[in-house]
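# Summary of the model geometry
Here are the chains, one letter per residue:
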Amino acid sequence: MGGKIRVVTVFGTRPEAIKLFPLIHALDADVRFESRVCVTAQHRDMLDQVLAIAGIAPDHDLDLMTANQSLDALTARALTGIGDVLDAEKPDWVVVQGDTTSALAGALAAHYRKIPVCHVEAGLRSGDLHHPWPEEANRKMVGAIAGLHCAPTQASADALLGENVSPASIKVTGNTVIDALHWVTDRIGRDPSIASGLSDLEARFSGRRIIGVTSHRRENLGDGMLNIANAVKSISSRDDIAVIFPVHRNPKVLGVMTAQLSGLDNVALIEPLDYPHFARLLDISHIMLTDSGGVQEEAPALGKPVLVMRQTTERPEGVAAGTARLVGTDTDTIVRETERLLDDEGAYSAMARAHNPFGDGFASQRICDLLAANNG
Ligand code: UD1
Ligand code: UDP
């Protein structure tokens, strides 16, 4: 790799791919770096959707996903698989993002080889080890290992300072999800056909307000998912709305949503959308109901009210900005809060204002500069 700074970026799920492709593009375009991509493929098709649209061909693909994978088996296989890649590549930096199993395994494999770790989206904390589970523990463990903490906001930097992380290693960069959103919006602007696949649904639901729904959190599996399904069913009895729900591939999500919501006239249960089509869904939605982390960050940037179906959030910026509201997973509360936004124009317009608490779209370039400045 010559005299360049060698970087291996490790990830495995859809949201990591979305938040890391802008950084990978920036590393590829920067002569200071030799960039390699290692995917665990903890997710398979949902990951591949992002790689395809972003034009990223991984240098190493561990292809680890199995049906109903357990956290410990996946972690063990990821750790040894990534270790082999790092032994072959011998990078100056390992970059991981967020709080997944792949991020934890990537950081740990790097630490075992004394390779410095750059943590993208560092410092998010809900303060509750079980919400989100197991992610709150994952990000704390990655935070204990990382040598460079790229905090998306001042609040996340403050959380790290509160844990006695060395101040010199913490930088506020913004969240790369905003870089990704700008990139995809620009691509759609130049070629609307890449996001035109929802047009049949848009025609079918013409005249109704669209409610976009996603859910997948492990701590919501079981009762929480059933409550969410029942809330969607109840809301869908109105004739002035329609629900578009791209269902996560996790069989424990797909099973309950299919059982509860199939066959309802104004509920479209669809396959996971690729990123341009999901951006289109955000654009046409009146309200988002979600337990996703990434959607909580994208929706404020687009001025879309988000009802967050979780007990806690590590992204308080959306709530503080007034675009997001925590509603938990109680069926009646989800229905009540959704109907309030549908029926009370004042409540709706108070939430439907665009804010950018999560970044300005230049986080990736800042991270490249930090990798260069802190190398060696
Ligand atoms: C993981 C992350 C979570 C992140 C989420 C994004 C961990 C611990 N959790 O959770 O932080 O919010 O990804 O979606 O890493 N599956 C498929 N096809 C796919 C993707 C998944 O069939 O393309 C199935 C898997 O086989 C697995 C299940 O979905 O059985 C769950 O996937 P997994 O990566 O284990 O956890 P997530 O709940 O998706
Ligand atoms: N997303 C997508 N297609 C979908 C649903 C979500 O591209 O059908 C994107 C969404 O825009 C966001 C990310 O996936 O950037 C969020 O992923 P997810 O909710 O799976 O994980 P989390 O963000 O909660 O970790």
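Below or above, wherever it landed, is the structure these notes cover. Treat the numbers as computed from the prediction; the structure is a model and nothing was measured.

Cut-off values and rules
Residues numbered from 1 in each chain as written. Chains lettered and ligands numbered in written order. Predicted model: local features only at pLDDT ≥ 70, side-chain atom pairs only at ≥ 80, totals over all residues. Heavy atoms only, no water. Pairing = 2+ DSSP bridges. Helix = DSSP H or I, 4+ residues; strand = E, 2+ residues; numbered from the N terminus. Axes fitted to C-alpha atoms, helices over the stretch in contact; angles between N-to-C directions. Contact = heavy atoms within 4.5 Å. Near = heavy atom within 4 Å. Polar contact = N/O pair within 3.5 Å; in protein donor to acceptor, adjacent residues only side chain to side chain. Areas by Shrake-Rupley, 256 points an atom, 1.4 Å probe, with all protein chains shown as cover. Nonpolar A, V, L, I, M, F, W, Y, C, P; charged D, E, K, R; others polar. Buried < 20%, exposed > 50% of the residue type's maximum accessible area, 1.4 Å probe, protein only. Core = buried A, V, L, I, M, F, W, Y, C linked by side-chain atoms within 4.5 Å. 1 Å grid on protein atoms, 1.4 Å probe; cavity = no way out; pocket = protein on both sides within 12 Å on 5 of 7 lines; lining within 4 Å. Points joined across faces, edges and corners; volume = space filled by probe spheres on them.

What follows is about the sheet that holds strand 10 (residues 267-270). With parallel pairing, the six strands of this open sheet are ordered in space as 10-9-8-11-12-13. Each having just a single partner strand, strand 10 and strand 13 (324-326) make up the two edges of the open sheet. This sheet shows a mean twist of 20 degrees between the axes of neighbouring strands, independent of strand direction. On top of the sheet, helix 10 (residues 251-261) reaches strand 9 (241-246) and strand 10; it is set at about 150 degrees to strand 10, its chief contact. Of the strands in this sheet, strand 8 (209-214), strand 9 and strand 11 (285-290) touch helix 11 (residues 275-284), which is tilted by about 115 degrees from strand 11.

Right, let's talk about the site of ligand 1 for a bit. Surveying the vicinity of ligand 1 reveals 24 residues, the closest of which are Gln42, His43, Asp45, Glu135 and Arg218. Between ligand 1 and Asn68 there is a distance of 2.9 Å, counted from an oxygen atom to a backbone nitrogen or oxygen. Arg218 places a polar side-chain atom, nitrogen or oxygen, 2.7 Å from an oxygen atom of ligand 1. When the free accessible area of ligand 1 is taken as 760 Å², the share hidden by the protein chains comes to 95%. Residues of the shell around ligand 1, tallied by class, amount to six nonpolar, 11 polar and seven charged.

Time to look at helix 12 (residues 293-302). Across the 10 residues of helix 12, nine count as buried, placing the element largely inside the fold. The set of residues buried in helix 12 consists of Gly293, Gly294, Val295, Gln296, Glu297, Glu298, Ala299, Pro300 and Ala301. Capping the start of helix 12, Ser292 holds a side-chain oxygen 3.2 Å from the backbone nitrogen of Gly294, two or three residues further along. With its phi angle positive at about 70 degrees, Gly303 sits one or two positions after the end of helix 12.

Our next topic: the sheet that holds strand 1 (residues 5-11). The strands that make up a sheet pair up through hydrogen bonds in the backbone, lying either parallel or antiparallel. What the seven strands build is an open sheet, ordered 3-2-1-4-5-6-7; its pairing is parallel. Strands with a single pairing partner mark the edges of an open sheet, and in this sheet they are strand 3 (60-61) and strand 7 (170-172). One ladder, built from seven bridges, connects strand 1 with strand 2 (residues 33-39); its direction is parallel. Residue pairing for strand 2: Phe11 is matched across the bridge by Val39.

Ranked by internal contacts, the top residues of the largest apolar core, which has 43 residues, are Phe11, Leu23, Val95, Cys118, Tyr275 and Leu371. It is helix 1 (residues 14-28) that provides the largest number of residues to this core, a total of eight residues. Those residues in contact with Leu371, other than ones at most four positions away along the chain, are Ile5, Leu27, Phe33, Trp93, Val95, Cys118 and Leu148. Val213, Phe245, Met257 and Val335 belong to the second largest nonpolar core, which has 29 residues in total.

Next up on the list: the layout of surface pockets. Counted as a void, the second largest pocket has a volume near 230 Å³. In terms of lining, the second largest pocket is formed by Leu181, Thr185, Ile188, Pro192, Ala195, Ser196, Ala279, Arg280, Asp283, Leu302 and Lys304. Looking at the lining of the second largest pocket, the elements that each hand over two or more residues are helix 7 (176-190) and helix 11. Residue composition of the lining of the second largest pocket, by class: six nonpolar, two polar and three charged.

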